[in-house]
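# Summary of the model geometry
This is what each chain is made of:
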Amino acid sequence: MIRLALPNKGRLAEGARELLERAGLEFDVRGERALQAVLGDDFLALFVNARDIPEFVADGAADLGITGRDLVAEADRSLAELLDLGFGRCRLVVAARDDSSIRSLDDLPPGARVATTFTRLAADFFVRERRSVTIVPVSGAAEIAPHLGVADVIVDLVSTGSTLKVNGLLEIARIMDSTALLVARPVLLEDEATQRRIAELTAALESVIRAHDQRYLMANVPRAALPAVKRIIPGISGPTIIDIMDGGTFVAAHAVVDRRNLYRVIAELKAVGAAGILVTPIERLMP
Ligand code: AMP
C-alpha cells in the first residue's frame, strides 16, 4: 500500500477528501479513532496535521502527501511536486493594525516585530526585502499579537480577508500565493511499479480538476445555423452534431463549455434559434 498523508482537519482536509472521492477513491475507515483509512485498492490514507505533512513525506513516514504550498515552502524539505490541486487557495501576507501608521513595508521601524507561525518564510521574505525585523514565533492566532503589543505586524494566511478585517488588520504586502499540492518523496519515484500507481492517481485527480470548470452543453439548433453554432461552441474538437428523429430542420449540438462562458454562450445560441438547451456537470475530462 502506498501511504498518503492527508490533513486531518480544516479547509485542506475537506478539499482533499472531496477531490479524492470525486476521483473515485472510496475511504474505508478502519478502527475507532479514524487515524487512517484504506483508500481505493492501492492507498492507505494517514490523517495528520497539515503542517507536519512535508516532514512526514520527506522522512518516509508517508510516501505521498496533500498539503498547502505554503507549508511545503515553510518546511523547506526536498519533495517532488506532482500536481497543483487547485483548492485551498490563499495567500501569505504581511498585515498591520488598521489604526497604526504602518501602511507599507516602508513604514516598518527597524527591528519591527513580526508575529507568525511561518517563521522561515517570513524571515526569508524580510531578508529579500532588505528589512531588519525580529521574528516572534507563535503557534497560532497570530492576528491577536499586534493588539497585545507583542508584535508590530503579522505574517499569516488570508483567504477571503474576513479574519483580518474582524481583527482590525490591514494587508500591507503579499509574500506568496498558495494552493494544495500533491507531493511525493523523490526516491519513491524511482520504483517503477509505484511510479505507475502514482501516475494513475495523478491522472485521475487531474481529470477531476480539469472537469471542475467545464460543463456539457446540449442544444437543438437549426441545421442552417451550424456555421454560427460551430463558432459559438467550438468545444474540445468541434461540437458533436447528431440527427434528431423527426427533428425537421433541427439537429442536436453537444459540446464542452467553460462554466464561466455559459451565460454568453446560451444567449448566443438562443439568438441563432437554438431550443431545448441543457447543461450538465462533467465528472471527469481526459482530453
Ligand atoms: P479568511 O478569513 O477567509 O481570510 O481566512 C483566514 C484564516 O483561515 C486564517 O486564520 C488562515 O490561517 C486560515 N486559512 C485561510 N486559507 C487557508 C488555507 N488554504 N489553508 C489553511 N488555512 C487557511
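Everything here concerns the structure above.
All values derive from a computational prediction rather than experimental measurement. (Residues numbered from 1 in each chain as written. Predicted model: local features only at pLDDT ≥ 70, side-chain atom pairs only at ≥ 80, totals over all residues. Heavy atoms only, no water.)

Turning to unusual backbone geometry, a few remarks are in order. Of note in this structure, D76 is not a glycine but carries a positive phi near 55°. Residue position: D76 is located in the loop between α3 (69-75) and β6 (80-84). (Helix = DSSP H or I, 4+ residues; strand = E, 2+ residues; numbered from the N terminus.)

Gaps left between atoms show up when a probe the size of a water molecule is rolled over them. By volume, the largest pocket amounts to about 990 Å³. Forming the walls of the largest pocket are 35 residues, and the residues nearest its centre are R11, D70, F118, D156 and L157. Going through the elements one at a time, α1 (11-22), α3, β10 (153-158) and α6 (162-166) are the ones with two or more residues in the lining of the largest pocket. Partitioned by chemical class, the residues of the lining of the largest pocket number 12 nonpolar, 16 polar and 7 charged. By volume, the second largest pocket is sized at about 200 Å³. Among the secondary structure elements, those contributing two or more residues to the lining of the second largest pocket are α1 and α7 (192-212). For the lining of the second largest pocket, the element with the most residues is α1, which contributes 4 residues. The residue makeup of the lining of the second largest pocket, split by class, is 4 nonpolar, 3 polar and 3 charged. (1 Å grid on protein atoms, 1.4 Å probe; cavity = no way out; pocket = protein on both sides within 12 Å on 5 of 7 lines; lining within 4 Å. Points joined across faces, edges and corners; volume = space filled by probe spheres on them. Nonpolar A, V, L, I, M, F, W, Y, C, P; charged D, E, K, R; others polar.)

Let us now look at the packing of aromatic side chains. The full count for this structure, using the stated rule, is 2 aromatic pairs. Between the aromatic rings of F125 and F126, the centroid separation amounts to 5.1 Å while the plane-to-plane angle is 75°, which identifies the pairing as edge-to-face. Of the two residues, F125 and F126, both sit in the buried class. Across from the ring centre of F27, 4.3 Å away, lies the NZ or CZ of R17, which sits over that ring. A cation over a ring is seen here: R51 above F118, with NZ or CZ 4.7 Å from the ring centre. (Phe/Tyr/Trp six-rings, centres within 6.5 Å; stacked < 30°, edge-to-face > 60°. Buried < 20%, exposed > 50% of the residue type's maximum accessible area, 1.4 Å probe, protein only. Lys NZ or Arg CZ within 6 Å of the ring centre and 35° of its normal.)

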